[in-house]
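Working through the structure, step by step
Next come the chains, spelled out residue by residue.
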Amino acid sequence: MAADLILGINAYHADAASCIVRDGKLLAAAEEERFRRVKHWAGFPSQAINYCLSEAKVDLGDVTHVAVNRSSRANFFRKLRYVAFARPGPRLLLNRWRNRQQVAHVADELRALPGRPFAGTIEHVEHHLAHLASAFYPSPFGDATVVSVDGFGDFASAAWGCGHETALSLDGRVLFPHSLGIFYQAMTQYLGFPNYGDEYKLMGLAAYGSSSARHEVEKLLALRDDGSFALNLQYFRHHKDDIAYEWHGGEPVCGPLFSQALIDALGPARNPEAPIEDRHRDLAFATQAVYEDGFFHLLNTLQRRNGNTALALAGGCAYNSVANGKIKDRTPFTKCYLQAAAGDAGGAIGAAYVVWHRSGSRASEMIHAFWGPSFSNAELATLLTDHHAAIRAEGCTVQRLDDPKELVETTARAIAEGLVVGWFQGRMEWGPRALGNRSILGDPRRPDMKNILNLKIKRRESFRPFAPSVLREAMADWFIRDDDVPFMLQVIPIRPERRRQIPAVTHVDGTGRLQTVDRASNPRYYSLIAEFFRLTGVPMVLNTSFNENEPVVCRPNEALDCFLRTKMDLLVLGNHVVRRNKVSSD
Ligand SMILES: [Fe+2]
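The following paragraphs examine the structure supplied in this document. (Residues numbered from 1 in each chain as written. Predicted model: local features only at pLDDT ≥ 70, side-chain atom pairs only at ≥ 80, totals over all residues. Heavy atoms only, no water.)

Another aspect to go through is the packing of aromatic side chains. For the structure on display, the rule yields 11 aromatic pairs. Ring geometry for F155 and F176: centres 5.3 Å apart, planes at 25°, overall stacked. Taken together, the residues span a long stretch of sequence, with F155 in the loop between strand 6 (143-153) and strand 7 (156-164) and F176 in the loop between strand 9 (172-175) and helix 7 (180-190) at a distance of 21 residues. Side by side, F155 and F176 carry an identical accessibility label, which is buried. (Phe/Tyr/Trp six-rings, centres within 6.5 Å; stacked < 30°, edge-to-face > 60°. Helix = DSSP H or I, 4+ residues; strand = E, 2+ residues; numbered from the N terminus. Buried < 20%, exposed > 50% of the residue type's maximum accessible area, 1.4 Å probe, protein only.)

Encoded structure:
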């Protein structure tokens, strides 16, 4: 019997992505933004598809199913009912119709790809079912409550169900126009952060605020007895005006989601260029607090209903790592799993797994995120030879260290000396976080490291924290919990007595958005942190994504370009170490 070869895609939606699954085994997965070099790229993921096919050493003619995490038929009658009763504006309807047409063009897009033509079946999976599947099937759980929370997809903003081995139910949804994701995004825009994905900024800012504005923001969201939630729609525009997402050069752009009534209630929205004041910090605090109220209301209701203690979580709101870190404190759930790409990109895996699990055989657990492209040391050597002149012009020297021990010793020493290190190894990460293969590393002990990184490379808002990668077995010595957090999707308090030792990764409220690193899932990164521990007594390094206001680097030439144009001190490219010996004169 021919093997089942399933290509999963998230298309025409932010974070377009593809994955390939052969007989239940994930072989490759990547976001299109990494190839196109446009953040959150949102069209058809043709380059990610080509990568996945080449990684699996197949072409489209071998693929038995293409699984898409959108289904225009999902919730169709609820959509009709909404149009009949709520009478949204004609431009909103037109936009929705166009979007629906796009999704129908998947077959045309597939025909345009190189190689033998696709001869299998195209399967459309409801957006939130794909989210639920992306959380449950790669989890270690035989039984779990499964929850998805986002802005919107297929007319729903949240869904929940129960996973049992190869079965997954979708038991309930929160339908348009109510949405926790829209609530958070509207407040993010109101506070002067207009870009797609800026919710991280609000989340970082919230730690600086007080609860003084909470009662004002609580008016925006009502909690229902069944565990769901409802927006106070007078403060929002998405349900009646034309503010559907548009793709500018592939980048998602969304107009203001908040209404004049919100400005009347809270005062003028912050201009993105204006300074951040206490009022903004307090509103950020309140937004996070009200989001958590809605989120935990849903989780607690579902836990009471289902009774189990394992939770698998997905959807764009599953990137709210501050809320995720409180799940064990604020609900009876004792185990929580989030897949590396918990947001819409992960829907590619979810859709593929929905199709695969009809076979009755469970996919394997996802314990690491390294599903993207890799490059051989020979390719890296060629790149460095080709760019020899540019490297010399920057006052840099290249050294090849084929002994892994020598490589990690050299790198750990550089980090301990306060140097900023670009670390490019193995297969690229799947999901938004750099987890030790496309990372910029620094010394967590240095109080000035955050400023150094912002001055040299990142130029991000000073209130945003940097994250640590911690040896798994050392976590309990430094954090108040002892848990697997492999994908950096939970913020957890650092032990009070440890905070002064690691100021560069301690947020203002004493927390850290850590990644736990174990030897099995990334031996080289583990060895590097272990060597840093041996040198310094601190079992963690500061880890931020390898990029400069762009998608995380994918290919080695992008890493080299980023290294050369920034003031990074060291670039470790596979077994090659590029060292900046003097600061360039410009
Ligand atoms: Fe989604």
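There is more to say, and it comes next.
Before going further, it helps to spend a moment on empty space enclosed by the protein. Per the counting criterion, the structure on display carries one cavity of 30 Å³ or more. Each pocket or cavity is described by its volume, and for the largest cavity that value is around 70 Å³. As for the largest cavity, its lining consists of 14 residues, of which F370, P486, Q515, T516 and S521 are closest to the centre. Ranked by the residues each element gives to the lining of the largest cavity, the list is headed by strand 22 (residues 515-517), at three residues. Per-class residue counts for the lining of the largest cavity are eight nonpolar, five polar and one charged. (1 Å grid on protein atoms, 1.4 Å probe; cavity = no way out; pocket = protein on both sides within 12 Å on 5 of 7 lines; lining within 4 Å. Points joined across faces, edges and corners; volume = space filled by probe spheres on them. Nonpolar A, V, L, I, M, F, W, Y, C, P; charged D, E, K, R; others polar.)

Looking at the second largest pocket, its volume works out to about 390 Å³. Looking at the second largest pocket, it is lined by 22 residues, and the ones nearest its centre are C336, Y337, D484, V485 and P486. Broken down by element, the residue count for the lining of the second largest pocket peaks at four residues, all from strand 15 (residues 335-338). Looking at the lining of the second largest pocket, its residues break down into 12 nonpolar, three polar and seven charged.

On to the coordination of the iron ion, then. All of the protein donors around the iron ion are H127 (NE2), H131 (NE2), D150 (OD) and D344 (OD); their distances to the metal are 2.1 to 2.2 Å. Taken together, the four donor atoms coordinating the iron ion and their angles of 90 to 168° define a geometry best described as irregular. Read in sequence order, the donor residues coordinating the iron ion give the pattern H-x3-H-x18-D-x193-D. Of the two residues, H127 is situated in helix 6 (residues 127-136) and D344 in the loop between strand 15 and helix 14 (347-356); the sequence distance between them amounts to 217 residues. Each member of the pair, H127 together with D344, is buried. (Donors = N, O, S within 2.8 Å, 3.2 Å for Na, K, Ca; no water. Tetrahedral: all angles 85-135°; square planar, octahedral: opposite > 155°, others 65-115°.)

Between helix 7 and helix 11 (residues 278-306), whose axes approach to 10 Å, the crossing angle comes to 180°. Compared by their axis directions, helix 7 and helix 11 come out roughly antiparallel. Residue-level inspection shows L180, F183, Y184, M187 and Y190 of helix 7 in contact with helix 11, the latter providing L283, T287, Q288, V290, Y291, G294 and F295. Taken together, the residues that form the contact of helix 7 with helix 11 break down as nine nonpolar, three polar and no charged. (Axes fitted to C-alpha atoms, helices over the stretch in contact; angles between N-to-C directions. Parallel < 35°, antiparallel > 145°, perpendicular 65-115°, else oblique. Contact = heavy atoms within 4.5 Å.)

Turning next to the environment of V505. Residue placement: V505 occurs in the loop between strand 20 (492-493) and strand 21 (511-512). You can call V505 buried: its relative accessible area is 1%. Placed 221 residues apart in sequence, V505 and A284 show a C-alpha to C-alpha distance of 21 Å. Discounting chain neighbours no more than four positions away, the residues touching V505 are P444, F466, A467, P468, I494, T511, G512, M540 and L542.

You can see Q260 is positioned in helix 10 (residues 260-266). When its relative accessible area of 49% is taken as the criterion, Q260 is described as partly exposed. In the structure, Q260 is positioned 24 residues away from F236 in sequence and 8.4 Å away in space, judged by C-alpha atoms.

Across the sheet, five strands lie side by side as 3-2-1-4-5; this open sheet has mixed pairing. Each edge of the sheet is formed by a strand with only one pairing partner; in this case those strands are strand 3 (25-31) and strand 5 (121-124). Direction aside, neighbouring strands of the sheet carry axes that sit 20° apart on average. Bridge analysis of strand 1 (residues 5-10) against strand 4 (residues 65-68) gives four bridges, and the strand direction is parallel. Residue pairing for strand 4: I9 is matched across the bridge by V68. Those strands touched by helix 2 (residues 46-55) are strand 1, strand 2 (17-22) and strand 3, and its axis lies near 150° from that of strand 3. (Pairing = 2+ DSSP bridges.)

In this section: the side chain of N454. Assignment of secondary structure puts N454 in helix 18 (residues 449-458). Sequence-distant contacts of N454, that is, excluding residues within four places in its chain, are made with R459, R460, E461, S462 and F466.

This part takes up the sheet that holds strand 23 (residues 540-545). Spatial ordering of the open sheet is given by 16-25-24-17-18-23-19-22, a layout of eight strands whose pairing is mixed. What marks the edges here is a single partner per strand, and that holds for strand 16 (396-400) and strand 22. Ignoring which end each strand starts from, the neighbouring axes of this sheet average 25° apart. Sheet topology places strand 19 (residues 467-471) next to strand 23; four bridges connect them, and they run antiparallel. In the sheet register, V470 faces strand 23, and the bridge partner there is M540. Contacts from helix 17 (residues 404-416) reach strand 17 (421-424), strand 18 (438-442), strand 23, strand 24 (570-573) and strand 25 (576-580) within the one sheet, and its direction differs from that of strand 17 by about 150°.

Excluding glycine, most residues fall at negative phi; most peptide bonds, likewise, are trans. Following F176, the chain continues to P177 via a peptide bond in cis, the omega torsion being 10°. In this structure, D15 is a non-glycine residue whose phi angle is positive, near 60°. Residue position: D15 is located in the loop between strand 1 and strand 2. The buried category is assigned to D15, whose relative accessible area is 15%.

On their own, these measurements won't tell you what the molecule is for.
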